[in-house]
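A closer look at the structure
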Amino acid sequence: MLTANASRPNVPEGYGIAAADEGLGLLPWSWAEERLVGRHIWWLATTKANGAPHLIPVWAVWLGDGVAFSTDEKSQKARNIARDPRVSITPERGTQSVIIEGVVEDLPADRKADYNAAYQETWELDVSTMEGPVWIIRAKKVFGFIDEDNGFPLNATRWTFD
């Protein structure tokens, strides 16, 4: 499991972000994890060779320490990741957002059964015989905020990990 260190994100003063001990306080990591678990489309952002962004929906699962997904190794996202494994990914939640910045790694072979079980439970699809790479996005930074009733400046939280 991840050990999350919470703080406020660094943003320009004009955004009105409250100090960590002001506003609604920092969101707990458990709040973020609740929004990472379950069935929702994930939006994955990678960078093309020419520097252009590439944003694509993916079916993925939260494994407790990262977001796991698979793709065809000839896909645009796979080519982008092979060149630059730094990505951003977020589950489809507009007003209660969790945004992960991380690095893509191969999912270790001893974790494939966990991935298959989580994928089956989440998407009702057996991926145990699918070809292609299975990856996990290791979070470096995660941002969360609730944008309901002007909550964003009062609860914006950044988590980093040891």
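Above: the structure in question.
All of these numbers come straight from a predicted model, not from anything done at the bench.

1. Focus: the overall build of the chain
Along its length, the chain carries four helices and nine strands. Along the chain direction, N to C, the helices and strands of the chain fall in the order β-α-β-β-β-β-α-β-β-α-β-α-β. The C-alpha atoms of the chain give a radius of gyration of 16 Å, which matches the 15 Å a tight globule of 162 residues would have. Along the three orthogonal principal directions, the C-alpha set of the chain runs to about 50 × 35 × 30 Å. Classification of the 162 residues of the chain by burial places 41% in the buried group. Taking the contacts inside the chain whose residues are at least 6 apart along the sequence as the reference set, 68% of them involve residues at least 24 apart. Within the structure as shown, the chain displays about 8,900 Å² of accessible surface, and the carbon and sulfur contribution to it stands at 50%. If you average the places of the 16 positive and of the 23 negative side-chain charges in the chain, the two averages end up 7 Å apart.

2. As for the side chain of Arg 158
Mapped onto the fold, Arg 158 is located in strand E9 (residues 157-161). Buried within the structure, Arg 158 lacks any salt-bridge partner; Glu 101 is the closest side chain of opposite charge, at an N-O distance of 8.7 Å. The contact partners of Arg 158, leaving out residues within four places of it in the chain, are Asn 5, Ala 6, Ser 7, Arg 8, Pro 9, Asn 10, Lys 141, Val 142 and Phe 143.

3. Focus on the packing of aromatic side chains
Under the definition given, this model contains seven aromatic pairs. Ring geometry for Phe 69 and Trp 135: centres 5.8 Å apart, planes at 70°, overall edge-to-face. Note that Phe 69 is positioned in strand E5 (residues 67-70) and Trp 135 in strand E8 (residues 134-146), a separation of 66 residues in sequence. For the pair formed by Phe 69 and Trp 135, the shared burial category is buried. Residues Tyr 119 and Trp 123 carry aromatic rings whose centres are separated by 6.5 Å and whose planes lie at 40° to one another, so their mutual orientation is tilted. Taken as a pair, Tyr 119 and Trp 123 lie in helix H3 (residues 112-123) at a separation of four residues, close to a single helical turn. Take Tyr 119: its relative accessible area is 6%, and that puts it in the buried class.

The rules behind the values
- Residues numbered from 1 in each chain as written.
- Predicted model: local features only at pLDDT ≥ 70, side-chain atom pairs only at ≥ 80, totals over all residues.
- Heavy atoms only, no water.
- Helix = DSSP H or I, 4+ residues; strand = E, 2+ residues; numbered from the N terminus.
- Rg over C-alpha atoms; globule rule 2.2 N^0.38 Å.
- Buried < 20%, exposed > 50% of the residue type's maximum accessible area, 1.4 Å probe, protein only.
- Contact = heavy atoms within 4.5 Å.
- Areas by Shrake-Rupley, 256 points an atom, 1.4 Å probe, with all protein chains shown as cover.
- Lys, Arg positive; Asp, Glu negative; His and termini not counted.
- Charge placed at Lys NZ, Arg CZ, Asp CG, Glu CD.
- Salt bridge = Lys/Arg side-chain N within 4 Å of Asp/Glu carboxyl O.
- Phe/Tyr/Trp six-rings, centres within 6.5 Å; stacked < 30°, edge-to-face > 60°.

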